[in-house]
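Inside the fold
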Amino acid sequence: MTSEHSTPSEPTADTEARSGGGTDPATAAFITHRSLLFTVAYEMLGSAADAEDVLQETWLRWSGVALDEVRDRRAYLVRITTRQSLTRLRALGRRRESYVGSWLPEPLLTAPDVAEDAELADSLSMAMLLVLETLAPTERAVFVLREVFDLGYGEIADAVDKSPAAVRQIAHRARAHVAARRPRETVSKASTRDALEAFRRATETGDLQGLLDILAPDVVLLGDGGGFKQAVPRPIVGADKVARLLLGGMSKVTAALRPAQVNGHPALIVRLDGALDTVVTAHVENGLITGLYAVRNPEKLTHMDRETALRR
């Protein structure tokens, strides 16, 4: 895993400013589409750190391309990014088999404009990213490129090295798989925000009944400490179990829960002694929390110190 910041070989948004205002066409095209490319990679990998690595690899390949032979620079860049993401996704599958405890996607602090794009925000939710984790790599790539970024079957075929007919079949299969597993309803941001506020109040005051009132009877709690921080080693199911576990843990520490915008949705940030400790996101149905996702692995919290630009 590399640093969260770009290497010197990869151009960033301030490259042009540092170079005195001028930039070559390849660099300009990469900078223009960088947020889009990062979003493609992140949607496929669920990891900002790995998405950054993919962008570095994409830049290395893009910088060697003869631009006069490229008809559509955006499509070409997406194709490179998709292929690099597929290669990394297959490697990550092996790495995650030995991951300590539950694996959760890496949370991103996002700007309000991400939440305003309902389809993008829906695809970035923890619940949806976990559904995407159940797809085979090529299925995930096809689903993301078609359903999230609305690419044509021909463009996707070039990116995944399949025929358009094969891509159509893969897309149909992936849609059916996701439809059977995705959250049952799309919930307003206001409903999620209200549920999390009730959750915060009950947790901070030790109000067991208040917590039981906002948790669905079959709520599931997932925790990701990555072996670095203590977290529940396996999913905890049931309102009573989840509530008593949370209140028992909170009673042992002095923690502050603060609202934040994570992956385009309302969330809570937990700070211990002023330092970021946990990011809590939730899925809400019918006004009740049905899923709680707590990321504590410090390696996954490095993108929570600044907003990440995500684009379609």
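What this report covers is the structure whose coordinates are included nearby. (Residues numbered from 1 in each chain as written. Predicted model: local features only at pLDDT ≥ 70, side-chain atom pairs only at ≥ 80, totals over all residues. Heavy atoms only, no water.)

Re the overall build of the protein
On a plain count of helices and strands, the protein comes out with 13 helices and six strands. At 20 Å, the protein has a C-alpha radius of gyration in line with the 20 Å of a compact globule built from 312 residues. Projected onto the principal axes, the alpha-carbon positions of the protein cover approximately 65 × 45 × 35 Å. The buried share of the protein, taken over its 312 residues, is 52%. Accessible surface for the protein amounts to roughly 14500 Å². Of this, 50% is attributable to carbon and sulfur atoms. Here the protein contributes 38 positively and 42 negatively charged side chains, and the mean placements of these two sets differ by 4 Å. (Helix = DSSP H or I, 4+ residues; strand = E, 2+ residues; numbered from the N terminus. Rg over C-alpha atoms; globule rule 2.2 N^0.38 Å. Buried < 20%, exposed > 50% of the residue type's maximum accessible area, 1.4 Å probe, protein only. Areas by Shrake-Rupley, 256 points an atom, 1.4 Å probe, with all protein chains shown as cover. Lys, Arg positive; Asp, Glu negative; His and termini not counted. Charge placed at Lys NZ, Arg CZ, Asp CG, Glu CD.)

Some details on the pattern of salt bridges
Any two side chains of opposite charge can pair, given that their charged atoms come close. Under the counting rule described, the total for this entry stands at 20 salt bridges. We note a salt bridge from lysine 229 to aspartate 277, for which the minimum N-O separation is 3.2 Å. With lysine 229 in the loop between strand E1 (215-224) and strand E2 (236-237) and aspartate 277 in strand E5 (residues 275-285), this residue pair connects regions lying 48 residues apart in the sequence. On the accessibility criterion, aspartate 277 (8% relative accessible area) is buried. With its nearest N and O atoms 3.0 Å apart, the salt bridge here joins aspartate 240 to arginine 244. Of the two residues, aspartate 240 and arginine 244 both sit in helix H13 (residues 239-250), four residues apart, roughly one turn of that helix. (Salt bridge = Lys/Arg side-chain N within 4 Å of Asp/Glu carboxyl O.)

A look at the nonpolar core
Among the nonpolar cores identified, the biggest contains 54 residues, and Phe38, Tyr42, Trp62 and Leu132 are the most heavily contacted of them. Sorting the residues of this core by element identifies helix H2 (25-45), helix H3 (48-62), helix H4 (73-96), helix H6 (118-124), helix H7 (126-132), helix H8 (137-148), helix H9 (153-160) and helix H10 (164-181) as the ones contributing at least two each. Sorting elements by how many residues they give to this core places H2 first, with eleven residues. Judged by nonpolar contacts, the second largest core, of 27 residues, contains Phe199, Ala202, Ala255 and Val284. (Core = buried A, V, L, I, M, F, W, Y, C linked by side-chain atoms within 4.5 Å.)

Considerations on the packing of H2 against H3
With their axes 9 Å apart at the nearest point, H2 and H3 run at an angle of 140° to one another. Read as a crossing pair, H2 and H3 show a hand that is right-handed. Every residue of H3 that contacts H2 at Ala26, Thr27, Ala29, Phe30, Arg34, Leu37, Phe38, Ala41, Tyr42 and Leu45 is listed here: Ala48, Asp50, Ala51, Glu52, Val54, Leu55, Thr58, Trp59 and Trp62. Among the residues forming the contact of H2 with H3, the class breakdown is 14 nonpolar, two polar and three charged. (Axes fitted to C-alpha atoms, helices over the stretch in contact; angles between N-to-C directions. Left-handed = near helix turned anticlockwise from the far one by under 90°. Contact = heavy atoms within 4.5 Å. Nonpolar A, V, L, I, M, F, W, Y, C, P; charged D, E, K, R; others polar.)

Describing the pairing of strand E3 (residues 255-262)
Of the strand pairs in this sheet, E3 and strand E4 (residues 265-272) are connected by eight bridges, and their pairing is antiparallel. Bridge pairing links valine 262 to histidine 265 in E4. Counting the residues that bridge the hairpin from E3 to E4 gives two residues, and of these asparagine 263 lies at a positive phi of roughly 50°. (Pairing = 2+ DSSP bridges.)

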